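Here's the letter readout for the chains.
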Amino acid sequence: MKIIDNIADKLYLGVSKVPGAGVGLFAGVDILSGKPICEYKGELLDLEGQDGASGSVSLSEASQKRLGEKYAYTMSLGFDRPLALYAISWRKQSSKTTGREGKMIDCQPSLTDEEMGLGGFVNDKRGPLERSGEEYEKERETREKQPKSGDDLKAENELDISQGYNSTYWSHPTEALIYILSIRDIKAGEEIYVNYGHSYWVPFIKRIKESQEQQEVTAASTPEDLKPADLENTKDE
């Protein structure tokens, strides 16, 4: 890991305030709204194109193999396939409709040999447990109805701010580079938070639901005389 961030100013790494997140990125000085905070850069992987119907992008065969090897460890966490947890797609602005040019930027801190920015250390304030229930579904519906370009992004940013975020991703129009951009004034000492988006958390939400369902099945199939409370009484005797 080699960190060279060309725009970071007095940022520092520390223990994240997000439970279980590990390291987080913090502001060492006040940051005004609308300012680039740091770079999200690392290993660049090729994208083959864009699905005109869904707008989704696909990795080249070599890139898929590389990410599969790099993130094989995530399967030990209970996922059914490798999850590229630090990979974000970038598309050249003039090519977004044609899908002719794009990259996947991956900055897994422990497994990236290329120069990295500090963007890979920015955490999402909300995890999978906070992304469930009726209130969250209403938020998702609101986000899906909002335009995703131009001045209309202001509404999206305001919604993020209301949920505790202080930054967003901003893609450079011509260079394979993504910035973490402040969406409100940030005070020195604050942790930097960015919304990873719903799709990032889908595998985590699925895993939690499967675990809960399995626990319910196990509880339902356990005879009453073998429930934990009775086992504890047996030990005491």
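Novice: Sorry, what's going on with the packing of helix α2 (residues 134–145) against helix α3 (residues 153–162) here?
Specialist: Geometrically, a packed helix pair is captured by the angle between its two axes and the distance between the axes. Running from N to C, α2 and α3 point in directions that differ by 160 degrees, and their axes come no closer than 10 Å. In terms of orientation, α2 and α3 fall into the roughly antiparallel class. Between α2 and α3 lies a crossing of left-handed hand. Counted together, Glu139, Thr142 and Arg143 of α2 and Glu156, Leu159 and Asp160 of α3 form the full contact between these two elements. Tallied by class, residues from the contact of α2 with α3 come to 1 nonpolar, 1 polar and 4 charged.

Novice: Which parts of the structure should I look at to understand unusual backbone geometry?
Specialist: Leaving glycine out, the prevailing phi sign among residues is negative, and the prevailing peptide bond configuration is trans. Unusually for a residue other than glycine, Lys10 sits at a positive phi of about 55 degrees. Tracing the backbone shows Lys10 in the loop between β1 (2–3) and β2 (11–15). Given the relative accessible area of 55%, Lys10 is considered exposed.

Novice: Explain the side chain of Asn123 to me, please; I cannot follow it from the model alone.
Specialist: One can find Asn123 in the loop between β9 (115–116) and α2. Within the structure, Asn123 has its side chain in polar contact with the side chain of Ser16 (distance 3.1 Å).

Novice: Please clarify how the environment of Asp124 should be interpreted in this entry.
Specialist: Position of Asp124 relative to the elements: it lies in the loop between β9 and α2. It is 8.0 Å that separates the C-alpha atoms of Asp124 and Tyr165, two residues lying 41 residues apart in sequence. Once residues lying within four places of it in the same chain are set aside, the contact partners of Asp124 are Val18, Arg131, Tyr165, Tyr193, Val194, Asn195, Tyr196, Gly197 and Trp201. In this structure the side chain of Asp124 is engaged in a polar contact, spanning 3.0 Å, whose partner is the side chain of Trp201.

Novice: For this particular structure, what's the right way to read the packing of aromatic side chains?
Specialist: Aromatic rings considered in pairs are described by the distance between their centres and by the relative angle of their planes. Applying the stated criterion across every chain yields a total of 10 aromatic pairs. Geometrically, the ring pair formed by Tyr200 and Trp201 is edge-to-face, given 4.9 Å between the ring centres and 80 degrees between the ring planes. Owing to a relative accessible area of 9%, Trp201 belongs among the buried residues under this scheme.

Novice: I would appreciate a short explanation of the sheet that holds strand β10 (residues 167–171) in the present structure.
Specialist: Each strand in a sheet pairs with another by means of backbone hydrogen bonds, the pair being arranged parallel or else antiparallel. Reading across from one edge, β4-β11-β10 is the order of the 3 strands in this open sheet, with antiparallel pairing throughout. Since the sheet does not close on itself, it has two edges, and those belong to β4 (36–40) and β10, each with one partner. Sheet twist, expressed as the average angle between the axes of neighbouring strands with direction ignored, equals 30 degrees. Where β4 and strand β11 (residues 178–182) come together, 4 bridges link them in antiparallel fashion. Across the sheet, Tyr40 pairs through a bridge with Ile178, a residue of β11.

Conventions adopted
- Residues numbered from 1 in each chain as written.
- Predicted model: local features only at pLDDT ≥ 70, side-chain atom pairs only at ≥ 80, totals over all residues.
- Heavy atoms only, no water.
- Axes fitted to C-alpha atoms, helices over the stretch in contact; angles between N-to-C directions.
- Helix = DSSP H or I, 4+ residues; strand = E, 2+ residues; numbered from the N terminus.
- Parallel < 35°, antiparallel > 145°, perpendicular 65-115°, else oblique.
- Left-handed = near helix turned anticlockwise from the far one by under 90°.
- Contact = heavy atoms within 4.5 Å.
- Nonpolar A, V, L, I, M, F, W, Y, C, P; charged D, E, K, R; others polar.
- Buried < 20%, exposed > 50% of the residue type's maximum accessible area, 1.4 Å probe, protein only.
- Polar contact = N/O pair within 3.5 Å; in protein donor to acceptor, adjacent residues only side chain to side chain.
- Phe/Tyr/Trp six-rings, centres within 6.5 Å; stacked < 30°, edge-to-face > 60°.
- Pairing = 2+ DSSP bridges.

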